[in-house]
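Survey of secondary and tertiary structure
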Amino acid sequence: MPRKTFEASLEDLNVELIKMGAIVENAINSAIIALKNNDDKLAKEVVDQDRVIDDMEKDIEAKCLSLILRQQPVACDLRVVSTALKMVTDMERIGDQAADIAELVMDFKSDLKYKAIEHIPAMAEAAVSMVHGAIAAFVNNDMEAAREIIKKDDIVDELFEKVKSDVSLSLQTDVKNCDMDINFLMIAKYLERIGDHAENICEWIEFSETGDYKNEKLL
């Protein structure tokens, strides 16, 4: 494969990753809106859209493997393609967690109050912000922004601990809503995992530039 053709293929790969990132980000936002509004129809759309995200993951993986096998890229190019392979896995899992949240929304009663568990809204906002920032950092090849987003995972983790306390208090004071409280705890856990995957994406962005991953030289 000529160098120009390979570079064009890399550019196409980036475009596909950006498209997938936009769909994943939309899935999270839609799941949270469905939660706020108790919107079963929108929640079902998020669940159905997960198949689209899964298909995109497979297509991008196939393109990455094709580039590796056909081009036998040098180290810097191999880092870029390897990063794409890793990022697409994290984005697919974020899509899974958005669908998981949407499925729980459809289990809630019609009298759901979004702020019944006080720290869920803040946690959702923080997790969505991390995903948006991670995708923007990738698009802009901005390692400094990626490092700042990694730090924000501490905020999501702290909010998760507060949600656990909220749920514990609610279970002690109102046992009638225990099923709803457990669902809220599960939603918080999915949001915590979304933050972790956004952090992973940022760490792979750094690897793409430096060959370092989690302070270890890989390539």
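Model, not experiment: these values are computed from the prediction.

**Looking at the overall build of the protein chain**
- Across its full length, the protein chain holds six helices and two strands.
- For the protein chain, the N- to C-terminal ordering of α and β elements is α-α-α-α-α-α-β-β.
- For the protein chain, the C-alpha radius of gyration of 19 Å lies close to 17 Å, the compact-globule estimate for 219 residues.
- With the C-alpha coordinates of the protein chain rotated into their principal frame, the extents come out at 65 × 35 × 20 Å.
- Among the 219 residues that make up the protein chain, the fraction classed as buried is 47%.
- Across the protein chain, contacts joining residues at least 24 apart in sequence account for 81% of those joining residues at least 6 apart.
- Accessible area of the protein chain: about 11100 Å², with a carbon and sulfur share of 50%.

**Some points on the pattern of salt bridges**
- One pass over the structure, following the stated rule, counts eight salt bridges.
- Between Lys151 and Glu148 there is a salt bridge, with its nearest N and O atoms 3.2 Å apart. Placement of both Lys151 and Glu148 in helix H5 (residues 143-173) is noted, with a separation of three residues, approximately one turn of the helix.
- In this structure, the salt-bridge partner of Glu161 is Lys164, at a minimum N-O distance of 3.2 Å. With Glu161 and Lys164 both in helix H5 and three residues apart, this pair spans about one turn of that helix.
- Classification of Lys164 as partly exposed rests on a relative accessible area of 35%.
- Ionic contacts of the salt-bridge type, sharing partners, join the residues Lys44, Asp48 and Arg51 into one network.

**What about a nonpolar patch on the surface?**
- Among the surface-exposed residues, Leu171, Ile182 and Met186 lie close enough to one another that they form a single nonpolar patch of about 210 Å² accessible area.
- Note on placement: Ile182 falls in helix H6 (residues 178-210).

**Quick look at the packing of aromatic side chains**
- Enumeration over the complete set of coordinates arrives at one aromatic pair.
- A centroid spacing of 5.3 Å and a plane angle of 90° characterise the contact between Trp204 and Phe207, whose relative ring orientation is edge-to-face. A residue pair is termed a helical-turn pair when its members lie 3 or 4 positions apart in one helix, as Trp204 and Phe207 do in helix H6 at three residues.
- Classification of Phe207 by relative accessible area gives buried; the value is 4%.

**Digging into the confidence of the model for the protein chain**
- Averaged over all residues, the pLDDT of the protein chain is 88; the fraction at 70 or higher stands at 94%.
- The least confident element of the protein chain is strand E2 (residues 216-217), whose mean pLDDT is 73; the most confident is helix H2 (residues 40-71), at 93.

**Describing the environment of Asn140**
- Here Asn140 lies in helix H4 (residues 120-140).
- The sequence separation of Asn140 and Asp181 amounts to 41 residues, and the corresponding C-alpha distance is 40 Å.

**Some thoughts on H2**
- Between the first and last C-alpha of H2 there are 47 Å, a value that for 32 residues agrees with the 46 Å anticipated at 1.5 Å per step.
- Of the positions making up H2, those classed as buried are Leu42, Ala43, Val46, Asp50, Ile53, Met56, Glu57, Ile60, Cys64, Leu67 and Gln71.
- On its buried side, H2 packs onto helix H1 (3-37) and helix H3 (75-105).
- N-cap assignment for H2: the residue whose side-chain oxygen lies 3.1 Å from the backbone N of Lys41 is Asp39.

**Considerations on the packing of H1 against H4**
- Two numbers describe how H1 lies on H4: the axes approach to 10 Å, and their chain directions differ by 170°. The orientation of H1 with respect to H4, classified from their angle, is roughly antiparallel. Only Ile120, Ala124, Val128, Val131, His132, Ile135, Phe138 and Val139 of H4 make contact with H1, whose side of the interface consists of Asn14, Leu17, Ile18, Gly21, Glu25, Ile28, Asn29, Ile32 and Leu35.
- Classifying every residue of the contact of H1 with H4 gives 12 nonpolar, four polar and one charged.

Calculation criteria
- For every chain, the first residue of the written sequence is number 1, and numbering continues from 1 onward in sequence order.
- Two thresholds apply to this predicted model, a pLDDT of at least 70 for residue-level local features and 80 or more for giving and counting side-chain atom pairs, whereas whole-chain, interface and lining totals are computed over all residues.
- In computing side-chain properties, one takes all heavy atoms of the structure into account and sets aside hydrogens as well as water.
- The way it works is that DSSP assigns letters per residue, a run of H or I at least four long becomes a helix, a run of E at least two long becomes a strand, and they are numbered from the N terminus.
- The globule rule used for comparison is 2.2 Å times the number of residues to the exponent 0.38, while the radius of gyration itself is calculated over C-alpha atoms.
- When accessible area is computed with a 1.4 Å probe and restricted to protein chains, residues below 20% of their type maximum are described as buried, those above 50% as exposed, and intermediate ones as partly exposed.
- The contact criterion used is simple: two residues touch if any of their non-hydrogen atoms lie within 4.5 Å.
- For the area figures, the Shrake-Rupley method with a 1.4 Å probe applies, and any residue is considered shielded solely by the protein chains shown.
- Should a side-chain nitrogen of Lys or Arg be within 4 Å of a carboxyl oxygen of Asp or Glu, the pair is scored as a salt bridge.
- The patches described consist of residues with a relative accessible area above 30% and no salt bridge, like charges being joined within 9 Å and nonpolar side chains (Val, Leu, Ile, Met, Phe, Trp, Tyr) within 5 Å.
- Classification of ring pairs rests on two measures: the distance between centres of Phe, Tyr or Trp rings, Trp counted by its six-membered ring, which must be within 6.5 Å, and the angle between planes, read as stacked under 30 degrees, edge-to-face over 60 and tilted in between.
- Confidence of the predictor at the level of single residues is captured by pLDDT, which takes values from 0 to 100.
- Expected helix span is computed as 1.5 Å times (number of residues minus one).
- As used in this structure description, the phrase polar contact means that two N or O atoms lie within 3.5 Å; if the pair is within protein, one of them must be able to donate a hydrogen and the other to accept it, and residues adjacent in sequence are counted only when both atoms belong to side chains.
- Here the axes come from fitting lines to C-alpha atoms, over the contacting stretch only for helices, and the angles between their N-to-C directions go from 0 to 180 degrees.
- When an angle is under 35 degrees it counts as roughly parallel; over 145 it counts as roughly antiparallel; between 65 and 115 it counts as roughly perpendicular; any other value is oblique.
- In this classification, the charged set is Asp, Glu, Lys and Arg, the nonpolar set is Ala, Val, Leu, Ile, Met, Phe, Trp, Tyr, Cys and Pro, and all remaining amino acids, among them Gly, are polar.

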